[in-house]
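# Structure at a glance
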Amino acid sequence: MKYTQLGRTGLKVSRLVLGTMNFGPQTDEADSHVIMDTALGAGINFFDTANVYGWGENKGRTEEIIGSWFAKGGDRRDKVVLATKVYANMAADGDAWPNHDRLSALNIRRAVDASLKRLQTDHIDLYQFHHIDRRTPVEEIWQAIDTLIAQGKILYAGSSNFPGWKIAQTNEIAQKRGSYGLVSEQCLYNLAERRAEMEVIPAAQEYGLGVIPWSPLHGGLLGGVIKKENEGRRRASGRSADALTNTEVRAQVQAYEDLLDKHGLEPGEAALAWLLTRPGITGPIVGPRTADQLASALRAVELELSDEVLSGLNEIFPGPGPSPEAFAW
């Protein structure tokens, strides 16, 4: 495994991040434990989750599965850089209650303690804001975070799904307060969705945030979906199925798969390897449902894409260009 610093911090993290969103809803506890053991054995030390994962009536279930894995011992917790998130309403569906969501100081305090209990740990390494909160002053958020850092309950704070201007605003206010500020941004970014290159990634680089892309295969669209469909191995579903109904998108994905087939490359591995070449990227989040899917992701770390392949990928999936040139002269 290869490692890098998380943004401007001294924290060393693996270039692949283990995403755990499938733990509970799609992967049972026993298989989730096997995947985490396999990931740790392969050198992946950066695990990402969220308090809401498990969804519906099972919110928090994913954190519980991770917590039961930590409880097995063997230095599991000590070896892992643990990241979770706060924002979503954690009350039971249909029983929403004031102050059980968003980023008020009250909810942050409540959410941290609940996550620590589910995760069976005494601290969270990276505590991430899952979405911007348009109602809570940034000063209030930093007051809550600084208190948690002083208490030893969290070490760093990060953002997720923040626009570039909000990254700038949040860290400017942190600087005025003497707070350390955001150290990471988790955003949607992949070959098929490159709008983050306009302002989010430049803002993150300017303020020293590591960028952690989620959905690196764009809901399976970049994982060889057409080839699998033609071979009868797996039919497209969800986001990828919807996207393929667009003839232009289908032609684009077909060109992508043809290019990689020509060079003997697996689409999913190539899509991950491409992200690892991008400026400012700490590492993409991979969310395997099985150990085999994890093994495929691990191969991407060692994969070096030729200039010809990189050029071809850029022609098929051109980026938007920097801001403001992307939308102005």
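Please read all numbers here as calculations on a predicted model, not as lab measurements. (Residues numbered from 1 in each chain as written. Predicted model: local features only at pLDDT ≥ 70, side-chain atom pairs only at ≥ 80, totals over all residues. Heavy atoms only, no water.)

This next bit is on the packing of aromatic side chains. Overall, the coordinates contain seven aromatic pairs when judged by the stated rule. Pairing F129 with W142 gives two aromatic rings, centres 6.3 Å apart and planes at 75°, and the pair type is edge-to-face. Taken as a pair, F129 in strand β6 (residues 124-129) and W142 in helix α5 (residues 138-151) lie far apart in primary sequence, 13 residues in all. A relative accessible area of 2% places W142 in the buried class. (Phe/Tyr/Trp six-rings, centres within 6.5 Å; stacked < 30°, edge-to-face > 60°. Helix = DSSP H or I, 4+ residues; strand = E, 2+ residues; numbered from the N terminus. Buried < 20%, exposed > 50% of the residue type's maximum accessible area, 1.4 Å probe, protein only.)

Quick look at helix α4 (residues 105-119) now. Note on helix geometry: an α-helix contains 3.6 residues per turn, so any two residues three or four positions apart are oriented the same way. The end-to-end C-alpha distance of α4, which contains 15 residues, comes to 21 Å, matching closely the 21 Å that a straight helix rising 1.5 Å per residue would cover. For α4, every residue scored as buried is listed here: N107, I108, A111, V112, S115, L116, R118 and L119. Looking straight down α4, one finds that the buried residues subtend no more than 160° of arc, so they occupy a single side. Opposite the packed face of α4, turned more than 90 degrees from it, sit the exposed residues R109 and K117. On the buried face of α4, the contacting elements are α2 (61-70), β5 (81-86), β6 and α5. Downstream of α4 by one or two residues, Q120 has phi in the positive range, about 55°. (Expected span 1.5 Å × (residues − 1). Arc of directions from axis to C-beta. Contact = heavy atoms within 4.5 Å.)

Looking now at unusual backbone geometry. S323 connects to P324 through a cis peptide bond whose omega is 10°. Here P324 is to be found in the segment after α13 (307-316). A positive phi angle, near 50°, is found at H218, a position not held by glycine. Relative to the elements of secondary structure, H218 occurs in the loop between β9 (210-214) and α8 (225-230).

As a further point, take the pattern of salt bridges. Counted under the stated rule, the structure contains 15 salt bridges. A salt bridge links E197 to R278; the shortest N-O distance between them is 3.4 Å. Of this pair, E197 sits in the loop between β8 (182-188) and α7 (200-206) while R278 is found in the loop between α11 (267-276) and β10 (285-286), placing the two residues 81 residues apart along the sequence. E197 gets classed as buried once you look at its relative accessible area, which sits at 14%. With a relative accessible area of 23%, R278 lands in the partly exposed category. It is possible to trace a salt-bridge network through shared partners that takes in E29, R61 and E64. (Salt bridge = Lys/Arg side-chain N within 4 Å of Asp/Glu carboxyl O.)

The next point concerns the environment of K2. Among the structural elements, K2 can be located in the segment before β1 (3-5). Put simply, K2 and E302 are 300 residues apart on the chain and 8.7 Å apart in space, counted from C-alpha to C-alpha. Excluding residues that lie within four positions of it along the chain, K2 makes contacts with V13, S14, R15, V301 and E302.

Inspection of the secondary structure puts E302 in helix α12 (residues 291-302). In sequence terms E302 and G74 are 228 residues apart; their C-alpha atoms lie 28 Å from each other.

Here we have eight strands laid out as an open sheet, ordered β9-β8-β7-β6-β5-β4-β3-β10, and parallel in their pairing. Of all strands in the sheet, those with a lone pairing partner are β9 and β10, marking the two edges. Across two bridges, the pairing between strand β3 (residues 17-19) and β10 is parallel. When the bridges of β10 are listed, V17 appears paired with I285. Helix-sheet contacts for α4 involve β5 and β6, and the interaxial angle to β6 is about 135°. (Pairing = 2+ DSSP bridges. Axes fitted to C-alpha atoms, helices over the stretch in contact; angles between N-to-C directions.)

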